[in-house]
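Structural description and commentary
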Amino acid sequence: MSDVIVVGAGVVGAACAYYAARAGLDVTVVDRGPVAGGTTGSGEGNVLVSDKEPGPELELAVLSNRLWRALAEHGGFEFEAKGGLVVAETPEVQRRLAGLAAKQGVEHAVVPAHALRDYEPHLADGLAGGVYYPQDAQVQPMLAAAALLKHGADRYGRGTLRLRLGAEVTGFTRSGERVTGVRTSRGDVLGGAVINAAGTWGGEVAALAGVCLPVLPRRGFILVTEPLREPLIRHKVYTAAYVTNVASDSAGLETSAVVEGTLAGTVLIGASRERVGFDRTTSVPVLARLAAQAVALFPALRDVRAIRSYCGFRPYCPDHLPVIGPDPRLPGLYHACGHEGAGIGLAPATGHLLAQVLTGVRPDLDLRPFRPDRFPLESQ
Amino acid sequence: MTDDVARRRGDGGDAAYDLVVVGGGPAGVAGALTAALAGLRVALVDSSARLGGQYFRHPAVPGRASGLERFLRLARALGERADVLPRHQVWSVSREPDGALAVHCVTPHGPSSSPHSPDSAASAGARGERPVVLRGRRLLIATGAYDRPLPFPGWDLPGVLTAGGAQALLKGNGVVAGRRVVVSGTGPFLLPVAAGLAEAGARVLGVFEANRGLGLARHPVLALGRLGEAAGYAVSLARHRVPYLTRQAVVAAHGEREVEAVTVARLDREWNVLATRVVECDTVAVGYGFVPQIELGVQLGCGTRYDVDGSPVLRVDDAQRTSVPGVWAAGEPTGVGGWRLAELEGRIAGRSVVAATRRPQAGCADPGRRPEAGRADAGFRPHAGRADADRTDFGSAAGLVSAAGSASAGGGSRVAEPSGVAGPGRGEVAAGEVAGVWVRRRARWQAFGEALQRAYPVKPGWQGWLRDDTLVCRCEEVPLARVREAQELGATDARSIKLLARPGMGWCQGRVCGYAVSCLAGEPPQPPRRPIAQPVTLGTLSALDGTLDGTLSDLDSPSHSGTPDMEDS
Amino acid sequence: MTFHITVDGRPVPVVPGQTIGAALHAAGVRSWRTTRFGGRPRGLFCGIGVCFDCLVSVNGRAPERACLAEAAPGDEVTTS
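Rules used in this analysis
Residues numbered from 1 in each chain as written. Chains lettered and ligands numbered in written order. Predicted model: local features only at pLDDT ≥ 70, side-chain atom pairs only at ≥ 80, totals over all residues. Heavy atoms only, no water. Helix = DSSP H or I, 4+ residues; strand = E, 2+ residues; numbered from the N terminus. Rg over C-alpha atoms; globule rule 2.2 N^0.38 Å. Buried < 20%, exposed > 50% of the residue type's maximum accessible area, 1.4 Å probe, protein only. Contact = heavy atoms within 4.5 Å. Lys, Arg positive; Asp, Glu negative; His and termini not counted. Charge placed at Lys NZ, Arg CZ, Asp CG, Glu CD. Pairing = 2+ DSSP bridges. Axes fitted to C-alpha atoms, helices over the stretch in contact; angles between N-to-C directions. Core = buried A, V, L, I, M, F, W, Y, C linked by side-chain atoms within 4.5 Å. Domains from an automatic or database assignment. 1 Å grid on protein atoms, 1.4 Å probe; cavity = no way out; pocket = protein on both sides within 12 Å on 5 of 7 lines; lining within 4 Å. Points joined across faces, edges and corners; volume = space filled by probe spheres on them. Nonpolar A, V, L, I, M, F, W, Y, C, P; charged D, E, K, R; others polar. Phe/Tyr/Trp six-rings, centres within 6.5 Å; stacked < 30°, edge-to-face > 60°. Buried area = accessible area lost by both parts, 1.4 Å probe. Salt bridge = Lys/Arg side-chain N within 4 Å of Asp/Glu carboxyl O. Polar contact = N/O pair within 3.5 Å; in protein donor to acceptor, adjacent residues only side chain to side chain. Parallel < 35°, antiparallel > 145°, perpendicular 65-115°, else oblique. Left-handed = near helix turned anticlockwise from the far one by under 90°.

All right, on to the overall build of chain C then. A count of helices and strands for chain C gives one helix and seven strands. Reading the helices (α) and strands (β) of chain C from amino to carboxyl end gives β-β-α-β-β-β-β-β. For a compact globule of 80 residues, the expected C-alpha radius of gyration is about 12 Å, and chain C comes in at 12 Å, within 12% of that figure. With the principal axes as the frame, chain C shows a C-alpha extent of 40 × 25 × 25 Å. Within chain C, buried positions represent 61% of all 80 residues. Pairs at least 24 apart in sequence give 33% of the contacts found in chain C among residues at least 6 apart. Within chain C, the 6 negative side-chain charges are centred at a point lying 11 Å from the centre of the 8 positive side-chain charges.

Below, the structure is given as structure tokens:
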């Protein structure tokens with residue numbers, strides 16, 4: 001019997017397990033697949049502060065950014081502090097970007113048009129400027145999730161953090177009104193608390209417990225180029241449209257150019273957002289649009305080959321904020337899901353805050369904006 | 001072609017070809033020719049400069065080879081009746097909103113383009129490459145197979161080639177792969193490779209067959225009645241004093257910049273090493289069977305099954321139809337069985353396509369044909385006449401028209417389920433669509449192919465040949481040790497090993513290492529999910545933006561395509 | 001009836017119809033590329049367009065497979 005059962009071995013589940021183990025709790029992580037097999041394995045590894053409007057999510061991102069840096073010191077994955085460059089196509093957009101940066105209150109530098117190529121030598125002509133965010137970073141998300149689980153198991157005593165992979169949660173065990181564990185395809189796992197860190201499938205797990213959580217998939221494609229010998233792109237570079245699309249409620253396709261080089265030498269190109277359920281069918285028009293936007297931003301990419309693409313399903317909630325904290329409707333059940341496209345970046349803070357709640361410590365951030373019962377009934 | 005994106009369509013004012021065939025080997029050419037002779041508008045694309053596939057690969061000025069002249073006649077006949085597009089690499093096949101299938105290709109600008117004479121069309125995409133989109137109502141996937149390699153220490157040294165690579169050098173280019181050559185692996189394909197090299201003047205130091213010691217005289221190829229061909233190889237090997245040694249294999253290659261020697265091991269029945277010796281050589285040709293190339297079918301959501309040897313292949317019914325309406329498959333993608341089976345399957349597929357065109361209401365749904373297309377009734381033309389369904393060969397073109405026109409020839413058309421081919425469970429084959437005699441012959445060749453797969457399995461002992469530093473993935477340079485580390489971190493399947501350690505993330509997208517990684521993960525190989533089946537420049541991709549039929553929001557609906565039954569990242 | 005291409009400036013003879021990879025192999029050039037991490041030599045392996053070991057740049061274009069690219073008179077091939 002564990003103190004905490006974490007459902008989901010993605011990056012958020014791994015962070016929850018790590019911080020719970022660090023706080024002295026015995027943890028069992030349950031996943032129907034392998035480590036990082038869901039949305040974590042389909043992400044770019046964004047650890048961004050630049051794309052958040054001022055508010056609770058930005059506070060979460062800033063806390064998380066600090067925690068990621070500390071976690072990377074344990075080894076096992078690299079925290080690549082590459083910095084983010086948001087570029088504006090027009091002077092009007094540039095004014096708005098600079099205004100947003102001033103309100104965010106995070107470290108940044110407004111970059112005039114003539115200085116853009118000091119940051120990115122291959123940027124296209126005619127851009128109006130940008131804002132540089134030195135804290136923006138990238139981790140290899142699968143390695144990071146696996147490393148967190150390994151550190152948690154290695155550092156806080158053998159048996160403190162156990163992994164049960166290939167076990168699908170099929171229901172919950174209860175004692176009276178209280179959740180006492182999960183039923184899985186490989187037997188029951190009992191514990192004092194259950195954390196739902198099932199990401200895009202968090203709504204389904206919540207439904208197994210009889211509570212509603214409006215987490216839905218928002219599909220994104222990523223294009224991956226051939227490995228380049230010389231890095232063509234140094235930072236994470238994206239256009240201002242990305243910020244507005246992240247917060248958009250549109251069900252249709254939205255794209256914005258997000259381009260970055262990786263340590264492996266490849267260039268990753270995003271980002272598209274569509275609400276089409278769990279459909280994995282590749283859309284050639286979407287790939288063509290992503291390529292066109294990337295080439296418009298970096299003309300030198302024209303002769304670079306795309307060698308693969310993949311898609312993933314961001315877990316989004318109607319108000320685009322994650323769900324973090326105890327479920328007042330069902331004692332013993334906690335949630336840590338619905339982080340949309342920011343799950344990698346927000347994972348450590350999510351795990352850290354939940355560990356504080358589980359051990360009776362006042363959390364560093366106010367969790368009310370993230371509470372599970374905040375959604376009006378009609379959206380459930 | 002003045003458009004940025006060359007959009008090739010069937011002539012006659014309609015929006016799409018009746019049939020697009022991907023792959024110009026025996027299956028693709030037979031299928032395309034069968035359909036073209038029946039009057040269908042057909043396009044065939046192939047990545048090579050010349051048709052032939054792996055088996056009928058030939059140089060620009062072809063020599064004399066068994067069966068090649070006949071194949072070239074068929075290819076010429078096809079060229080007169082269909083759009084044949086060599087040097088076209090298909091990177092995606094997708095269903096368009098109107099139900100047609102879009103075959104996305106890239107093709108080089110041609111030998112004349114050079115940096116000093118910039119091609120005017122180059123501004124559309126990238127330098128040297130041009131996008132071509134073919135639209136078809138129906139698709140025949142005839143993409144063949146490639147060698148299945150196994151890793152071993154030193155296998156990435158230059159001079160180590162796949163058996164098919166050595167064969168391609170010889171048959172397609174007239175180049176002998178080396179002077180002192182060792183051939184190793186498993187399966188009957190090693191014989192023609194070794195014989196070809198020996199006849200071309202290479203010193204073949206041995207054919208090391210990892211499987212059991214039947215000896216050449218009792219070789220299953222002989223036992224199963226392929227007497228002429230296999231006996232020819234046997235005679236050739238004997239004449240050149242090439243030893244054929246069973247339960248032996250190359251388990252390591254050595255050298256500084258290229259191969260200088262190999263370690264040959266004697267193996268037990270599970271391929272564990274019993275004893276070793278070193279053989280000096282400059283070239284190694286290795287092959288452990290074949291990997292059917294099915295990714296285009298997987299892109300479209302075609303159902304798959306496992307072949308006898310564990311390879312995922314496309315599931316087809318008696319008429320070579322996949323589980324996705326409007327999509328046929330023939331040849332190795334439906335199960336490895338050699339060129340004769342491939343050609344037969346291609347012909348059956350071609351006939352089935354013709355029948356579907358003529359009777360759009362019968363049998364399967366036909367999403368490729370829109371009711372409002374105006375030409376819908378063109379399908380109801382009189383049958384060209386009944387034909388001898390037992391034709392064993394392509395004869396004159398006239399004979400083929402007749403054979404292809406026999407779609408409604410009724411006699412003997414009660415089809416038996418060939419062993420090992422599960423139908424897609426989507427209703428029965430339209431009566432008369434496939435002549436019974438073809439089905440029976442196909443069943444015999446399939447049984448033969450399956451018997452070979454059973455006789456030449458891959459045994460698990462090869463994993464013991466690897467050292468910690470042996471590269472499993474050549475592209476991303478992932479050694480065995482990193483694969484094992486990923487497994488310790490919680491990667492319980494091949495996909496998560498790929499995500500954590502990067503095997504299969506590189507240029508070849510796991511085509512070379514995929515089988516080995518699956519074995520190391522202890523799971524059967526999954527159907528390959530490669531949404532971009534061939535590298536395509538971002539310039540080419542971006543030239544497609546806004547040119548595709550249908551709007552992006554139309555394509556947001558998932559209803560137009562099947563969802564692949566196996567998922568990847 | 002052979003012609004020549006240049007590979008990193010050196011002439012290599014070609015029989016018409018040969019691929020660049022085959023011409024190099026025939027000329028005794030077994031490797032023409034090194035891997036980006038280990039600097040390991042690479043040349044032809046699969047020979048039929050599957051493995052991408054044999055990448056070259058032809059006339060300044062994006063990398064392509066030498067085993068598929070048919071050589072043309074005057075081709076300037078560069079390796080990496």
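What follows covers the sheet that holds strand E7 (residues 129-133) of chain A. Read from one edge to the other, the open sheet built from nine strands follows the order E6(A)-E7(A)-E5(A)-E14(A)-E15(A)-E16(A)-E13(A)-E17(A)-E24(B), with strand pairing classed as mixed. The open sheet has two edge strands, strand E6 (109-112) of chain A together with strand E24 (536-537) of chain B, and neither has a second partner. Of the pairings in the sheet, the one linking strand E15 (residues 254-261) of chain A to strand E16 (residues 267-273) of chain A comprises six bridges and is antiparallel in character. When the bridges of E16 of chain A are listed, Val259 of chain A appears paired with Ile269 of chain A. Lying over the sheet, helix H8 (residues 284-297) of chain A contacts strand E5 (84-88), strand E13 (216-225), strand E14 (236-239), E15, E16 and strand E17 (305-316) of chain A, oriented at roughly 55° with respect to E15 of chain A.

In this structure, Trp68 of chain A together with Val262 of chain B are the most contacted members of the largest nonpolar core, which totals 137 residues. Among the elements that make up this core, the one with the highest residue count is helix H1 (residues 11-22) of chain A (ten residues). Built from parts of two domains, this core gets at least three residues from each of domain 1 (2-75 + 140-213 + 320-379) and domain 2 (83-134 + 216-316) of chain A. Not counting the four nearest positions on each side in its chain, Val262 of chain B is found in contact with Val182, Val250, Ala252, Ala253, His254, Arg277, Val278, Val279, Cys281 and Val284 of chain B. Listed in part, the 46 residues of the second largest apolar core include Phe448 of chain B together with Ala22, Ala66 and Val77 of chain C.

What follows deals with empty space enclosed by the protein. Scanning the model with the defined rule gives ten cavities of 30 Å³ or more in all. There is about 250 Å³ of room inside the second largest cavity. Lining the second largest cavity are 22 residues; nearest its centre among them are Arg50, Arg57 and Asn173 of chain B together with Thr19 and Cys67 of chain C. Secondary-structure elements contributing two or more residues to the lining of the second largest cavity are helix H3 (163-173) of chain B together with helix H1 (20-26) of chain C. Ranked by residues supplied to the lining of the second largest cavity, first place goes to H3 of chain B with five residues. For the lining of the second largest cavity, a count of residues per class yields eight nonpolar, eleven polar and three charged.

What follows covers the pairing of strand E2 (residues 10-14) of chain C. All names here are of chain C. Direction of pairing for strand E1 (residues 3-7) relative to E2: antiparallel, over a ladder of five bridges. Note that in E2 the partner of Phe3 across the bridge is Val14. Here E1 hands over to E2 after two residues, with Asp8 in that stretch at a positive phi of 50°.

Attention shifts here to the packing of aromatic side chains. To describe a pair of aromatic rings, you give the distance between the ring centres and the angle between the ring planes. Under the definition given, this model contains 17 aromatic pairs over all chains. Note on Trp201 of chain A and Phe278 of chain A: the rings are 5.4 Å apart at their centroids and 15° apart in plane angle, and the pair reads as stacked. Taken as a pair, Trp201 of chain A in the loop between strand E12 (187-196) and helix H6 (202-208) and Phe278 of chain A in the loop between E16 and H8 lie far apart in primary sequence, 77 residues in all. For Phe278 of chain A, a relative accessible area of 33% translates into the label partly exposed. Residues Tyr288 of chain B and Trp465 of chain B carry aromatic rings whose centres are separated by 6.4 Å and whose planes lie at 55° to one another, so their mutual orientation is tilted. Taken as a pair, Tyr288 of chain B in strand E17 (residues 283-288) and Trp465 of chain B in the loop between helix H10 (436-455) and strand E22 (471-473) lie far apart in primary sequence, 177 residues in all. The buried category is assigned to Tyr288 of chain B, whose relative accessible area is 1%.

Residues and elements named next belong to chain B. Within the open sheet, the five strands sit side by side as E10-E17-E11-E12-E13. Their pairing is parallel. Across the chains shown, the open sheet's two edge strands, defined by having one partner strand only, are strand E10 (160-162) and strand E13 (244-246). For this sheet, the mean angle separating the axes of adjacent strands, direction not counted, is 20°. Where E10 meets E17, three bridges bridge the pair, whose relative direction is parallel. Across the sheet, residue Thr162 finds its bridge partner in E17, namely Val286. Along the sheet face, H3 touches E10 and E17 and points at about 85° away from the line of E10.

A few words now on the interface of chain C and chain A. Every contact between the two is made by eight residues of chain C and, on the other side, six residues of chain A. When chain C packs against chain A, the two sides together hide about 590 Å² of surface, and 44% of this comes from carbon and sulfur. Together, Arg36, Ala62 and Pro63 of chain C form the three largest contributors to the area buried by chain C at its contact with chain A, with a combined 73%. On inspection of chain C and its partner chain A, the count reaches zero salt bridges. At the junction of chain C and chain A, the tally comes to four residue pairs in polar contact (both at pLDDT 80 or more).

Take helix H4 (residues 190-199) of chain B next. Think of an α-helix as turning once every 3.6 residues; residues three or four places apart then point the same way. Of all the ten residues making up H4 of chain B, nine are buried; the element is thus mostly covered by neighbouring parts of the structure. Along H4 of chain B, the residues classified as buried are Leu190, Leu191, Pro192, Val193, Ala194, Ala195, Gly196, Leu197 and Ala198 of chain B.

Bringing the interface of chain B and chain A into the picture now. Each side of the interface is counted separately: chain B has 49 residues, and chain A has 50 residues. Summed over both partners, the interface of chain B with chain A comes to about 4200 Å²; 61% of that surface belongs to carbon and sulfur atoms. There are two salt bridges connecting chain B and chain A. The salt bridge involving Arg289 of chain A is made with Asp545 of chain B; its shortest N-O contact spans 3.0 Å. Remark: the boundary between chain B and chain A carries eleven residue pairs in polar contact (both at pLDDT 80 or more). Those elements that provide at least two residues to the side of chain B that touches chain A are strand E5 (89-95), helix H12 (494-501), E24, helix H14 (538-543) and helix H15 (552-556) of chain B. Here the residues of the side of chain B that touches chain A sort into 21 nonpolar, 18 polar and ten charged.

Looking now at the domain arrangement of chain A. All names here are of chain A. According to the domain assignment, chain A contains domain 1 (2-75 + 140-213 + 320-379) and domain 2 (83-134 + 216-316). The C-alpha-based centres of domain 1 and domain 2 are spaced at 28 Å. Listed by partner, the interface residues are 24 residues for domain 1 and 32 residues for domain 2. Where domain 1 abuts domain 2, roughly 2200 Å² becomes buried across the two surfaces, and 59% of that area is made up of carbon and sulfur atoms.

This part covers the pairing of strand E15 (residues 261-267) of chain B. Residue and element names in this part refer to chain B. E15 sits mainly inside the fold: six of its seven residues count as buried. Direction of pairing for strand E14 (residues 248-254) relative to E15: antiparallel, over a ladder of six bridges. Counterpart to Val250 in the pairing with E15 is Val264. Hairpin connection, E14 to E15: the antiparallel pair is bridged by six residues, and Gly255 has positive phi, about 155°. Sheet topology places E15 next to strand E16 (residues 273-280); seven bridges connect them, and they run antiparallel. Its bridge partner lying in E16, Val262 is registered against Val279. Linking two consecutive strands that pair antiparallel, namely E15 and E16, is a turn of five residues; a positive phi of about 75° is found at Trp271 within it.

On to the packing of H3 of chain B against H4 of chain B, then. Residues and elements named next belong to chain B. Contact pair H3 / H4: the axes reach a minimum separation of 10 Å and the direction vectors enclose 40°. Here H3 lies oblique to H4, going by the angle between them. In this structure, H3 meets H4 at a crossing whose hand is left-handed. From H3, Ala163, Ala166, Gln167 and Leu170 reach across to H4, where they touch Leu190, Pro192, Val193, Gly196 and Leu197. Split by residue class, the contact of H3 with H4 holds seven nonpolar, two polar and no charged.

This next bit is on the environment of Val316 of chain B. As for its placement among the helices and strands, Val316 of chain B is situated in the loop between strand E20 (312-314) and strand E21 (327-329). Separated by 28 residues in sequence, Val316 of chain B and Tyr288 of chain B place their C-alpha atoms 25 Å apart.

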